[in-house]
Amino acid sequence: QVQLVESGGGLVQPGGSLRLSCAASGSIFSPNVMGWYRQAPGKQRELVATITNGGTTNYAYSVKGRFTISRDNAKNTVYLQMNSLKPEDTAVYYCKVEYYWPPDYWGQGTQVTVSS
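Everything quoted here is computed from the prediction, not taken from an experiment. (Residues numbered from 1 in each chain as written. Predicted model: local features only at pLDDT ≥ 70, side-chain atom pairs only at ≥ 80, totals over all residues. Heavy atoms only, no water.)

### Considerations on the sheet that holds strand S7 (residues 67–72)
Then, in step 1: Sheet architecture is open: four strands sit in the order S1-S3-S8-S7, paired in antiparallel fashion. Looking along the sheet, the strands with just one partner apiece sit at the ends: strand S1 (3–7) and S7. Adjacent strand axes in the sheet meet at a mean angle of 15°, parallel and antiparallel pairs treated alike.
Then, in step 2: The pairing of S7 with strand S8 (residues 77–82) spans six bridges and is classified as antiparallel. Bridge pairing in S8 places Arg71 opposite Val78. (Pairing = 2+ DSSP bridges. Helix = DSSP H or I, 4+ residues; strand = E, 2+ residues; numbered from the N terminus. Axes fitted to C-alpha atoms, helices over the stretch in contact; angles between N-to-C directions.)

Written as structure tokens, this is what we have:
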């Protein structure tokens, strides 16, 4: 059974930075796509960024130039470096891992709060 362990959330002031990590374990295969999604109170869950096994990245327009997604294939770990954080980035951030067949897997979520 695949398990995802997220870490790195917290409280940060506007303009600050945080780095999220998500480690996948329990499969002998490497994930195809790894990504981050977020859900703010009263809003639908939305894509933040994804990265393929080959390193191709995709970002939501709202985070382009501020967030950077990366992965360590040897560790089956995906990272999200978040810079220049804004109050509107406040949300629960979820890691998602896709293999080459269903199902997809979600992390438990980590709270990111941007506030002065």
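Here the narrative resumes, following the displayed structure.
### Some remarks on the state of the cysteines
Then, in step 1: Applying the stated criterion across every chain, the model contains one disulfide.
Then, in step 2: Disulfide pairing places Cys22 opposite Cys95 at an S-S distance of 2.1 Å. Linking Cys22 and Cys95, the disulfide has an S-S dihedral of approximately -75° and is accordingly described as left-handed. Separated by 73 residues along the polypeptide, Cys22 in strand S3 (residues 18–25) and Cys95 in strand S9 (residues 91–98) bring together distant segments of the chain. Comparing Cys22 with Cys95, the two get one shared label, buried. (Disulfide = S-S within 2.5 Å. Buried < 20%, exposed > 50% of the residue type's maximum accessible area, 1.4 Å probe, protein only.)

### Section: the pairing of strand S11 (residues 110–114)
Then, in step 1: Burial along S11 is one-sided: Thr110, Val112 and Val114 are buried, while Gln111 and Thr113, pointing the other way, are not.
Then, in step 2: Relative to S11, strand S2 (residues 10–12) runs parallel, the two being bridged by three bridges. In the strand pairing of S11, Gly10 is matched with Val112.
Then, in step 3: In the sheet, S9 pairs with S11 via three bridges, with the strands oriented antiparallel. Pairing of Tyr93 across the sheet is with Thr110, part of S11.

### As for the side chain of Arg71
Then, in step 1: Take Arg71: it is sitting in strand S7.
Then, in step 2: No salt bridge is formed by the buried Arg71; the nearest opposite charge belongs to Asp72, separated by 8.2 Å.
Then, in step 3: At 3.3 Å, the side chain of Arg71 forms a polar contact with the backbone oxygen of Ile51.
Then, in step 4: A distance of 3.2 Å separates the side chain of Arg71 from the backbone oxygen of Thr52, its partner in a polar contact.
Then, in step 5: Among all residues touching Arg71, those that are not within four sequence positions of it are Pro31, Asn32, Val33, Met34, Ile51, Thr52, Asn53, Thr77, Val78 and Tyr79. (Lys, Arg positive; Asp, Glu negative; His and termini not counted. Salt bridge = Lys/Arg side-chain N within 4 Å of Asp/Glu carboxyl O. Polar contact = N/O pair within 3.5 Å; in protein donor to acceptor, adjacent residues only side chain to side chain. Contact = heavy atoms within 4.5 Å.)

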